[in-house]
Amino acid sequence: MTHRWSLAVAAAVALLTAWTFISIAAMYDARNASVAAREPVFLAERQDEGAVARWIPHSDRVNNRQFLVVYLAPSRADAAPPPGLSRWPAPGEIFVSPSLLDQAGRDQLTERYGRIAGTIGAEGLAADQERLAYYRPRTDAAFDRRDGLVAISGFGVDKQQMVVNRTTRTDTNYGKWTDNDFFILAACLIALPAALLLLLAVRSNAERRDRRLALLDALGAPRSARAYLLLGEAALPVTVGTLVGALTAAATTVVDVPLPVVDHVLKADVLARFRAVLAVTALATAAVVLALVLVAQLRSRAASETAPRRIQHRFGRPIRAMFPLAIIVAVWGASTARDDAGAGSSVGLAAFLIATVLTLALLPAVLAGWAGAGGRLIARHGARRGRPSAIVGGRWLSTRPVLVAQLCAAFVIGLGLLVQVQVQQEWIVQRTHGIANGVTAPAVVVGNQLVTVRGDAQPQEAQRFIDRIGPDDVLTTYTTAAGRTLVATCPALRSLGQLPTCPTTATPIEDSYTTINRTGQVLQHDTEISRPRFTIATTPPPSGEVDGFFVLNPDGDSGVNAIAGTAYRELAKPHISTPGQEWIGGGLAGAAVFDWVLSFGVAGVTILALAGILAAAGIFLSQIRSLGVLTTYDARTRLYLGIAAWNLALPLIVSAVIGALVAAFLGTLALQIRRTGEVSVPVLSAALLGVAAIAAALTLLCGTTAARAVRTWHPSKD
């Protein structure tokens, strides 16, 4: 029974694993097709006769998340707009993707850019979650001052050439994940666990089949007869499992499927084009599984013994000695791999990583070794208290402790690795917010109290912007042959520190201030247009060009958006940011990469847990025949539920608690290296609750199955 269930589950998982790779290929093919269709086709400089529009890429940020803003304006009335737009935006209008509209809000986008003309259609987006905007500025100044290619003859480039040459200008995949990255991730975190599940399923409950095959050998049956026996037993469950997997995969071609953890949706219309491939994949999967059944179990005639082959599992002194040694090395590595530890840091970090992997790899075997001793204690406890279920369950556990290793391996290894990923992600998030080693960066303390507006401006544009904001809140930067000069009124200059007198001509900043406050320090060092040795003045230099502004902002986020709106109205192509926002946004994008690792990792751990459960259930149920005689004394289901609880549930729960403690300990060591972040208690709690639910379900399933099986037992010669 368990062999058939294992084959069915393994076939379904194998098909869904193959479908995962097909989905990745389909997702990237559709993404590349959408990006290629909206790519601009540029005309050579000063050859604008065939131009249909002018096009410039730009970027902006909302809530520390970067998105692409395309400046565009048609050159001909009959020009076709880019894919996804029903018409060209009018001056001061913007088309936005639905995801950007949801994240930023209509009021914020309207205040910043102007009227929202509509949303970009699905055909113009690489993914539903893409943040993209098409903006037509109020004037053509941004296009006229652009150095480089501006005029385009239309939209759409060759997809294959774009992918090979990596020439895209509109791909908003800031994480730069390629299809190969996803293939590698899926292979490591999903395909390998699926292969393990398949191998365990093929050999599940193998003792009885080995007897039958050995008997056929002894009777002189040909190899084909043994093959027909194996195929006849496996054909139905493999077919059922493949059909279930195929129907599940086919459902994704009809209904959009949101992926866990990550902000991504598998689009049904993208996968629908691969239905024919799904049919071929289903046939190939069934054939591969059946072939593995034959290869793994079809024995040669020389192996004619009728006794089942056994593998001796020993968890002896070497493993018990290596496990504490690995923990000691991990502690030493973490203590020497501090961020500021110098040359020894890399050695300590390498030692910690190797010891962590070794600790997690050895833990299932160590738990199995402990389970043998624990099984004997359970049996003694049952004998003292007169509990047959504890006696049987404990003795089974002591004779087959490998059951514990198979049960808990997926959980303890998977949870340990997931905790390490969570700790690293937490560190990246904290670091990108300016918190490292318990210290908050000055740029984060100043935050949005200082807004940087970067971009060239003509004198009249700069003056309009200053007048709109207020002269006492704006510091203008000029680039001259002598360097960069900061020009502002006396009140604005005094907001940076203690300034005894306001210089009318350019004076080095360090000679002007007696002390510089945090805002002044951030202005000097932590923005895109900062210079440590600014000169300051209250009057503009006789020669110089405006290349940016620092705006004092006491109004928080609403003030930032108001400043951005004024900049977009008065300046040609401004870049708006707050101190540290560049590396905060990049760091958050980097941390989001770990979401994909967690998502694929959860799937892989689930598959491994399924493999362990099926293997453990097979071992348990293979021993049911020895319980048949007990039915003459006690045929109640309660007895067999108790045996399952002592033999399966208790070891699984105890192993889970120990595994969670080890995972938390290793995570804490990783925090010692980073000195920021924390181990997620909700992750550990959710994992333990999940294991408890699995233990209860496994006890109920195996206990009731055993009770039904032994009631039909009768003495036999074998």
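Residues numbered from 1 in each chain as written. Predicted model: local features only at pLDDT ≥ 70, side-chain atom pairs only at ≥ 80, totals over all residues. Heavy atoms only, no water.

**Student:** I would appreciate a short explanation of the packing of helix α1 (residues 2-38) against helix α8 (residues 223-251) in the present structure.
**Tutor:** Relative placement of two packed helices is described by the angle separating their axes and the distance separating the axes. Packing of α1 against α8 leaves a shortest axis separation of 7 Å and a crossing angle of 35°. The interaxial crossing formed by α1 with α8 has right-handed handedness. Of the residues in α8, those touching α1 at His3, Arg4, Leu7, Ala8, Ala11, Ala12, Leu15, Leu16 and Trp19 are Glu233, Ala234, Pro237, Val238, Gly241, Thr242, Gly245, Ala246, Thr248 and Ala249. (Axes fitted to C-alpha atoms, helices over the stretch in contact; angles between N-to-C directions. Helix = DSSP H or I, 4+ residues; strand = E, 2+ residues; numbered from the N terminus. Left-handed = near helix turned anticlockwise from the far one by under 90°. Contact = heavy atoms within 4.5 Å.)

**Student:** I'm lost on the confidence of the model for the protein chain in this one. Help?
**Tutor:** Caution applies to low-pLDDT parts of the model: their predicted coordinates are not meant to be read in detail. Of the residues in the protein chain, 85% reach a pLDDT of 70 or more, and the chain-wide mean stands at 82. pLDDT under 50 marks residues 300-315. Its contacts with residues more than four places away, or in other chains, come to 30 contacts. Counting interchain partners and residues more than four positions distant, the pLDDT-below-50 stretch residues 340-344 has three contacts. (pLDDT = per-residue confidence, 0-100.)

**Student:** How should the packing of aromatic side chains be read in this particular structure?
**Tutor:** What characterises a pair of aromatic rings is the spacing of the ring centres plus the angle enclosed by the ring planes. Enumeration over the complete set of coordinates arrives at 13 aromatic pairs. Ring centres of Trp88 and Phe155 lie 6.4 Å apart, and the angle between their planes is 40°; this geometry places the pair in the tilted category. Note that Trp88 is positioned in the loop between β3 (65-74) and β4 (93-96) and Phe155 in strand β7 (residues 151-155), a separation of 67 residues in sequence. Just as Trp88 is buried, Phe155 falls in that class too. Ring pairing ties together the aromatic residues Tyr28, Phe182, Trp596 and Phe600, which thus form one cluster. (Phe/Tyr/Trp six-rings, centres within 6.5 Å; stacked < 30°, edge-to-face > 60°. Buried < 20%, exposed > 50% of the residue type's maximum accessible area, 1.4 Å probe, protein only.)

**Student:** What's the story with the pairing of strand β13 (residues 474-480) in this structure? I'm lost.
**Tutor:** Looking along a regular strand, one sees the side chains alternate between the two faces of the sheet. In terms of burial, β13 is largely enclosed, as six of its seven residues are buried. Note: β13 against strand β14 (residues 483-487), five bridges, orientation antiparallel. Among the inter-strand pairings, Thr476 is bridged to a residue of β14, identified as Val487. The turn linking β13 back onto β14 is made up of two residues. (Pairing = 2+ DSSP bridges.)

**Student:** Please clarify how the environment of Glu461 should be interpreted in this entry.
**Tutor:** The topology assignment puts Glu461 in helix α16 (residues 459-469). A residue is classified by how much of its surface remains accessible, and Glu461, at 8% relative accessible area, is buried. Taking the C-alpha atoms as reference points, Glu461 and Arg569, separated by 108 residues in sequence, lie 9.8 Å from one another. With residues up to four places along the chain from it excluded, the contact list for Glu461 reads Ala141, Arg145, Glu570 and Leu571.

**Student:** It is not clear to me how the pattern of salt bridges should be interpreted in this structure. Could you clarify?
**Tutor:** Any two side chains of opposite charge can pair, on the condition that their charged atoms come close. What the rule picks out here adds up to 15 salt bridges. Its salt-bridge partner being Glu570, residue Arg464 comes within 3.0 Å of it at the nearest N-O pair. Taken together, the residues span a long stretch of sequence, with Arg464 in helix α16 and Glu570 in helix α20 (residues 556-570) at a distance of 106 residues. Residue Glu570 is classed as buried on the basis of its relative accessible area of 10%. Here Glu570 makes a salt bridge to Arg468, at a shortest N to O gap of 3.2 Å. With Glu570 in helix α20 and Arg468 in helix α16, this residue pair connects regions lying 102 residues apart in the sequence. On the basis of relative accessible area, Arg468 is assigned to the exposed category, the value being 61%. Several salt bridges share partner residues, and in doing so they unite Asp29, Lys159 and Arg273 into one network. (Salt bridge = Lys/Arg side-chain N within 4 Å of Asp/Glu carboxyl O.)

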